[in-house]
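Inside the fold
Chain by chain, the residues:
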Amino acid sequence: MDINKIRADFPILSQQIYNRPLVYLDNAASTQKPRQVIDAIVKYYEHDNCNIHRGVHYLSVKATEAYEEARREVRQFINAKSTCEIIFTKGATESLNLVASSFGKQYVKAGDEVITSIMEHHSNFVPWQQMCLERGATLRVAGINPQGELDLDELKGMLNGKTRLVALTHVSNVLGTINPVKEIIALAHLHGIPVLIDGAQGVSHLPVDVQEMDCDFYCFSGHKMYAPMGAGVLYGKEKFLEEMPPYQMGGEMIKDVYLDHTTFNELPFKFEAGTPNVGGVMGLHAAILYLNGLGMENIAAYEDQLLKYATEKLSAINDIRFFGTSRHKASLVSFLIGNIHPYDTGMIIDKMGIAVRTGHHCAMPLMDYLKIPGTVRASFAFYNTFEEVDQLVAAIGKAREMLS
Ligand code: PLP
């Protein structure tokens, strides 16, 4: 990994803020975009822009072919069996809402149960909670141990004949914990229960093979993997997607429309109503090529070094409390310093040029469980450096002096 060369690909990283070099450590919220991704979007709008699937003319055919080529690239990236299992969405949130709505209608009835965990982002919690409320089903929530790891015994004990789905995050956006998803999926499948994995924080840090994992659904957002906002993916096993009803109605998702009824298009188009974000998908395609160029194994190994270095250096700060200390962790650290409010820490280090996220990180049930108002979260990408970690540690030390 030639970090200087990599950083040169990301124009935004070379700027100064408050007369200091920007240190961007908010990658779990959204990653920055390399020149290759920006160029792909510009190229699309300068040369190829057109609505897809419906036209016979040159531009429409070209844009359609590029869109379907991107779908083939996504299929390969996560090793799905077929492109009909790759549905383009706005992002992880829309993918999760799609499954909650459509799977819920097809398979969940009063008295049934859905299992999730206390470490979920609201996007993988509220849709299930609301779907269960609507359908008279029960949402069961597995807890965590003091290291911030899923309580597997509790989760195992929840699997029963009434369970219709397990919906779990691959990687916690607060704790960094990498869940043993393969083991959990195998266990749920023993009971014939399908499993959805929220991969919003997984796919940018770890190699993902949905066939090897054997998950039934996997969701992610392009903008957290160096692609633009507004383009994401739902992977689903064909047998479920075939049985599930459409999520939204409109153009492209139909086969034939009559006055009194409609027949629906084949997969994946049945779930892609309306004009999609073609430009965004061009960016997603370019981002995957970029990640493949670096190699997901190399990215994971480098980010792991950054995580270990940051954890060690931050540990030297007095009164620091970490949230999430699993041995299986993605590259983020969540912490509090003494009784200092996380917003205060975030505001002060912002003025030193350092961007971290503070607050509940869209995980209010987890904050309640931990009895804290929020955390400071520094999340690292492959373009971050050890020097930037040093700058973070120095800034946190200064903030602590000023605020204690
Ligand atoms: N799931 C997890 C674990 C996340 O971290 C996030 C965003 O932070 C989401 C889902 C939602 O992603 P988006 O807002 O891109 O739809």
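Residues numbered from 1 in each chain as written. Predicted model: local features only at pLDDT ≥ 70, side-chain atom pairs only at ≥ 80, totals over all residues. Heavy atoms only, no water.

On to the overall build of the chain, then. Within the chain, the secondary structure is distributed over 14 helices and 17 strands. Its C-alpha atoms give the chain a radius of gyration of 22 Å, within 12% of the compact-globule value 22 Å for 404 residues. Classification of the 404 residues of the chain by burial places 56% in the buried group. Sequence separation of at least 24 residues holds for 71% of the intrachain contacts in the chain that already meet a minimum separation of 6. Just so you have it, the chain exposes about 17,100 Å², and 52% of that area is on carbon and sulfur atoms. Across the chain, the centroid of the 37 positively charged side chains sits 2 Å from that of the 46 negatively charged ones. (Helix = DSSP H or I, 4+ residues; strand = E, 2+ residues; numbered from the N terminus. Rg over C-alpha atoms; globule rule 2.2 N^0.38 Å. Buried < 20%, exposed > 50% of the residue type's maximum accessible area, 1.4 Å probe, protein only. Contact = heavy atoms within 4.5 Å. Areas by Shrake-Rupley, 256 points an atom, 1.4 Å probe, with all protein chains shown as cover. Lys, Arg positive; Asp, Glu negative; His and termini not counted. Charge placed at Lys NZ, Arg CZ, Asp CG, Glu CD.)

Now for the site of the ligand. In the region of the ligand, the neighbouring residues are Ala92, Thr93, His121, Ser123, Thr169, Asn173, Asp198, Ala200, Gln201, Ser221, His223 and Lys224. In this structure, an oxygen atom belonging to the ligand sits 2.7 Å away from a side-chain N or O atom of Gln201. A distance of 2.6 Å separates an oxygen atom of the ligand from a polar atom in the side chain of His223. (Near = heavy atom within 4 Å. Polar contact = N/O pair within 3.5 Å; in protein donor to acceptor, adjacent residues only side chain to side chain.)

Under the domain assignment used here, the chain contains domain 1 (3-30 + 295-403) and domain 2 (38-292). Once you take the C-alpha centre of each, domain 1 and domain 2 turn out to be 28 Å apart. Residue-level contacts link 39 residues of domain 1 with 33 residues of domain 2. A combined buried area of about 2,900 Å² lies between domain 1 and domain 2, and 61% of that area is made up of carbon and sulfur atoms. Counting every contact that joins domain 1 to domain 2 gives zero salt bridges. Looking at which element gives the most residues to the side of domain 1 that touches domain 2, the answer is helix α13 (residues 364-370), with six residues. Of the residues assigned to the side of domain 1 that touches domain 2, the class counts are 23 nonpolar, 10 polar and six charged. (Domains from an automatic or database assignment. Buried area = accessible area lost by both parts, 1.4 Å probe. Salt bridge = Lys/Arg side-chain N within 4 Å of Asp/Glu carboxyl O. Nonpolar A, V, L, I, M, F, W, Y, C, P; charged D, E, K, R; others polar.)

The next subject is the pattern of salt bridges. Across all of its chains, the model carries 20 salt bridges by this definition. The salt bridge involving Asp48 is made with Lys62; its shortest N-O contact spans 2.8 Å. Taken together, the residues span a long stretch of sequence, with Asp48 in helix α2 (residues 35-48) and Lys62 in helix α3 (residues 58-78) at a distance of 14 residues. Taking relative accessible area as the criterion, Asp48 reaches 8% and is therefore assigned buried.

Spanning 18 residues, helix α14 (residues 386-403) covers 26 Å between terminal C-alpha atoms, matching the ideal 26 Å at 1.5 Å per step. Regarding α14, the residues found buried are Glu388, Val389, Leu392, Val393, Ala395, Ile396 and Ala399. When α14 is viewed along its axis, its buried side chains cluster within an angular range of 165° and face the same direction. For α14, the exposed residues set more than 90 degrees away from the buried face come down to Glu387, Glu401 and Met402. (Expected span 1.5 Å × (residues − 1). Arc of directions from axis to C-beta.)

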